[in-house]
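Analysis of the macromolecular model
For reference, the chains in residue letters:
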Amino acid sequence: MRLRKFPITAPSGRQYEVTIERNYVCLGAYGLEFRVYRHEIRKQLFGRTRLACILVREESYWETDVEDVIPIVQKLIRDVEAQITRKEAREASYVAFTAWDGKITEEVST
C-alpha cells in the first residue's frame, strides 16, 4: 500500500507532499513509513528550471501502533514548520548580532 497527498498546506502557507508506505518487516508484522517532502524550483544549466522534491522528514511506526494517520501527519508537518521557524530566528539573530553595539544595558536572568 502506498498513499500520497499533495498539497498539504501548513498554517504558514507552505505546501508539503506526504507519502505513507506500508512495508513488510518480519514475521507477519508491517511497518508504516511516513515521508514529508518540500517542493522547490531549482535552476539548471542554460536558464532552465526544474521542480525538485526534497525529503525533509521521515518517520517509521509499527502498523499495530497506528490508529489514525492524520494526527501523525499533522505532527510531522508541525515539527518541520518549527524547525524552519528556529532556523529563521537563528538567521535573524546573526543580523541582530552584527548590528548590536556590544553594550549590555539590562541584566538577563537565566
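Structural notes, computed from the coordinates. What you see is a predicted model, and the numbers here were worked out from it, not measured in a lab.

Here the focus is the pattern of salt bridges. As enumerated under the stated definition, the model contains 13 salt bridges in all. Between Arg14 and Glu88 there is a salt bridge, and its shortest N-O distance comes to 3.0 Å. Highlighted residues: Arg14 in the loop between β1 (2–9) and β2 (15–26) and Glu88 in helix α1 (residues 69–99), separated in sequence by 74 residues. Here Glu88 falls in the partly exposed class, since its relative accessible area comes to 47%. Salt-bridge contacts for Arg35 lead to Glu21; the nearest nitrogen and oxygen are separated by 3.4 Å. On the criterion of sequence distance, the pair formed by Arg35 in strand β3 (residues 29–43) and Glu21 in strand β2 is long-range, its members being 14 residues apart. Judged by its relative accessible area of 18%, Arg35 falls in the buried class. On the basis of relative accessible area, Glu21 is assigned to the partly exposed category, the value being 23%. Look at the salt bridges and you will find they share partners, linking Arg2, Glu21, Glu33, Arg35 and Glu58 into a network.

Before going further, it helps to spend a moment on the sheet that holds β3. Spatial strand order, β1-β2-β3-β4: four strands in an open sheet with antiparallel pairing. Taken across any chain shown, the strands that pair with only one partner, and hence form the sheet edges, are β1 and β4 (49–62). Each strand of the sheet is rotated relative to its neighbour by a mean of 25°, with strand direction disregarded. In the sheet, β3 pairs with β4 via 13 bridges, with the strands oriented antiparallel. Note that in β4 the partner of Gly31 across the bridge is Trp62.

Analysis parameters
Within every chain, residues take consecutive numbers counted from 1 along the sequence as written. With the structure being a predicted model, the display of local features is reserved for residues of pLDDT at least 70 and the display and counting of side-chain atom pairs for 80 or more, all residues being used for whole-chain, interface and lining totals. Side-chain numbers here rest on the full set of heavy atoms in the structure, without hydrogens or water. By definition here, a salt bridge exists when the distance from a side-chain nitrogen of Lys or Arg to a carboxyl oxygen of Asp or Glu is within 4 Å. To qualify as a helix, a DSSP run of H or I must reach at least 4 residues; to qualify as a strand, a run of E must reach at least 2; elements of each kind are numbered from the N terminus. Relative accessibility decides the category of a residue: with a 1.4 Å probe and only protein chains considered, values under 20% of the type maximum give buried, values over 50% give exposed, and everything between is partly exposed. At least two DSSP bridges between two strands are required for those strands to pair. To obtain each axis, a line is fitted to C-alpha atoms, and for helices this fit is confined to the stretch in contact; angles are then taken between N-to-C directions over 0 to 180 degrees.

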